[in-house]
Amino acid sequence: MKTSYKQSRRAGYVLLLTLILLAMVAAGLAGVARRSHAASLEANRVERETQRRWLAVTAETLLRDSDQILTDQGLPGDRSMAAARFEFDLGHHHLTLTLADEQAKANLNTLAARHDHAVVSAKANALASGTASNLRPRLRPIGEFEATAAGVDIDWPAFGSWEQVVSADDLGRLLNGPPLENTLLDHITLWGNGRLRVDRASRPALEAMLTPLLSTGQIEQMLAERMEYAVESSAVGISGLELTDRQREQLAERLTDESQTFSIRLRFDDQRRARYHMVVQQTAAASSNIQTFRFDW
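Residues numbered from 1 in each chain as written. Predicted model: local features only at pLDDT ≥ 70, side-chain atom pairs only at ≥ 80, totals over all residues. Heavy atoms only, no water.

A.B. asks: Explain a nonpolar patch on the surface to me, using residue names and the numbers behind them.
C.D. replies: On the surface, a nonpolar cluster with roughly 480 Å² of combined accessible area is contributed by Leu16, Leu17, Ile20, Leu21 and Met24. Residue position: leucine 17 is located in helix 1 (residues 2–60). Here leucine 17 falls in the partly exposed class, since its relative accessible area comes to 38%. (Patch = residues over 30% accessible without salt bridge, like charges linked within 9 Å, V, L, I, M, F, W, Y side chains within 5 Å. Areas by Shrake-Rupley, 256 points an atom, 1.4 Å probe, with all protein chains shown as cover. Salt bridge = Lys/Arg side-chain N within 4 Å of Asp/Glu carboxyl O. Helix = DSSP H or I, 4+ residues; strand = E, 2+ residues; numbered from the N terminus. Buried < 20%, exposed > 50% of the residue type's maximum accessible area, 1.4 Å probe, protein only.)

Right under this line is the structure:
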């Protein structure tokens, strides 16, 4: 009986040690599995981030040929387009690429220099009213008071980022929601020399930038005949459109047929989140230097 009892106790002890060892091995394997899974997720994240950065850098090269691309993309009967939009899948990403002529849009900084804040707000709201994004601008320009308070000596433009045009929540909904073809970003620009590209500008852009200098009827006639007129350095010739000397002089300063500011917008959707990348290139005033502005949301 004693021998049987000792053997039973020894067997129980061995079983306990075996269970402890199995638990330790299981814990070790679980730790290895967790580390392997974490390493796999990190590698996947780095791969997607590398793909996104590579796509962004590659797409920026299109800016050098923006004018030619937009001209080649023109519809029959048109000289060119204000923007070209492409959607495709590449790797993990669904990519929406929009190449745009910023001088085909209403320049908010130019409007701020010409009109008081109430007029600029009204024009911005009019531009936003016809868009699919259905946003309402909340303009927060940088004025002399803000620049002085910040101790800035540089002559900053009134608007330098989209966070000054719409609220942070609205901007987030615009950028992270489903891609839309007609948004506020397609009608308003914060960059460029303020001259409007006459053959590419939309009706809302023309109305915002040229009223009250031109009447509604004159703008309608411009839209109907703009393929037949040219903008020169000293005069604007518009077939069949009667202009006063003042209108002719100011139109020569407000319109152009040669753009110097283009942008490319990239929306990356990797089925986990949407990322937005925007690059603007413009030729600096009175020089041939290229200025580049980059934004990531």
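So that's the structure; there's more coming.
A.B. asks: Give a description of the nonpolar core that names residues and reports values.
C.D. replies: Among the nonpolar cores identified, the biggest contains 42 residues, and Leu108, Trp162, Val165, Ile188, Leu210 and Met222 are the most heavily contacted of them. Non-local contacts of leucine 210, meaning those with residues more than four positions away in its chain, are made with Ile219, Met222, Leu251, Arg254 and Leu255. Ranked by size, the runner-up nonpolar core spans 14 residues in total, among them Leu55, Ala59, Leu95 and Val279. (Core = buried A, V, L, I, M, F, W, Y, C linked by side-chain atoms within 4.5 Å. Contact = heavy atoms within 4.5 Å.)

A.B. asks: Help me get a handle on the sheet that holds strand 9 (residues 261–269), residues and values and all.
C.D. replies: On the basis of which strands lie adjacent, the open sheet formed by five strands has the order 1-2-9-10-11 and antiparallel pairing. Here the strands that pair on one side only, and so sit at the sheet edges, are strand 1 (83–90) and strand 11 (290–296). Sheet twist, expressed as the mean angle between neighbouring strand axes with direction ignored, is 15 degrees. Here eight bridges tie strand 2 (residues 93–101) to strand 9, and the two strands are oriented antiparallel to one another. If you follow alanine 100 over to strand 9, its bridge partner there is serine 263. (Pairing = 2+ DSSP bridges. Axes fitted to C-alpha atoms, helices over the stretch in contact; angles between N-to-C directions.)

A.B. asks: Pulling in residues and values, what's your account of the pattern of salt bridges?
C.D. replies: A complete count under the given rule lists 11 salt bridges for this structure. Between glutamate 220 and arginine 203 there is a salt bridge whose closest N-O contact spans 2.5 Å. Linking glutamate 220 in helix 8 (residues 216–225) with arginine 203 in helix 7 (residues 203–210), this pair joins segments that are 17 residues apart in sequence.

A.B. asks: With reference to specific residues and values, describe the packing of aromatic side chains.
C.D. replies: For the structure on display, the rule yields three aromatic pairs. Geometrically, the ring pair formed by phenylalanine 295 and tryptophan 297 is stacked, given 5.8 Å between the ring centres and 5 degrees between the ring planes. Taken together through their ring pairs, the aromatic side chains of Trp191, Tyr276, Phe295 and Trp297 make up a single cluster. (Phe/Tyr/Trp six-rings, centres within 6.5 Å; stacked < 30°, edge-to-face > 60°.)

A.B. asks: Give me the lowdown on the pairing of strand 10 (residues 274–283), citing residues and values where you can.
C.D. replies: Burial analysis of strand 10 places seven of its 10 residues in the buried class, which makes it a mostly covered element. Here strand 9 pairs with strand 10 via nine bridges, running antiparallel. Within strand 10, the residue paired with phenylalanine 262 across the bridge is glutamine 281. Two successive antiparallel strands, strand 9 and strand 10, enclose a turn made up of four residues, where glutamine 271 displays a positive phi of approximately 75 degrees. In this sheet, strand 11 lies alongside strand 10 in antiparallel orientation, the contact comprising seven bridges. If you follow histidine 277 over to strand 11, its bridge partner there is aspartate 296.

A.B. asks: Outline unusual backbone geometry, listing residues and values.
C.D. replies: Across residues other than glycine, the phi torsion is negative in most instances, and most of the peptide bonds are trans. Here the amide bond leading from threonine 211 into proline 212 is cis, since omega sits at 5 degrees, within 30 degrees of zero. Along the chain, proline 212 turns up in the loop between helix 7 and helix 8.

A.B. asks: Lay out the environment of glutamine 260 in plain terms, naming residues and giving numbers.
C.D. replies: By the secondary structure assignment, glutamine 260 is in the loop between strand 8 (255–256) and strand 9. Accessibility expressed as a relative area gives 34% for glutamine 260, which makes it partly exposed. Between the C-alpha atom of glutamine 260 and that of threonine 283, which follows or precedes it by 23 residues, the distance is 5.6 Å. Sequence-distant contacts of glutamine 260, that is, excluding residues within four places in its chain, are made with Gln103, Asn193, Gln281, Gln282 and Thr283.

A.B. asks: Could you give an account of the pairing of strand 1, naming the residues involved and the relevant values?
C.D. replies: Bridge count between strand 1 and strand 2: eight bridges; the pairing is antiparallel. Looking across to strand 2, one finds that phenylalanine 88 is bridged to leucine 95. Where strand 1 folds back on strand 2, the antiparallel hairpin that results is connected by two residues, among which glycine 91 adopts a positive phi of roughly 65 degrees.

A.B. asks: Now, about the packing of helix 7 against helix 8: what can you tell me, with residues and values included?
C.D. replies: Look at helix 7 against helix 8: their axes get within 11 Å of each other, and the N-to-C directions meet at 140 degrees. Overall, the two elements helix 7 and helix 8 adopt an arrangement that is oblique. At the point where helix 7 passes helix 8, the crossing takes the right-handed sense. Contacts between helix 7 and helix 8 involve Arg203, Leu206, Glu207 and Leu210 from the first element and Ile219, Glu220, Met222 and Leu223 from the second. Counted by class, the contact of helix 7 with helix 8 contains five nonpolar, no polar and three charged residues. (Parallel < 35°, antiparallel > 145°, perpendicular 65-115°, else oblique. Left-handed = near helix turned anticlockwise from the far one by under 90°. Nonpolar A, V, L, I, M, F, W, Y, C, P; charged D, E, K, R; others polar.)

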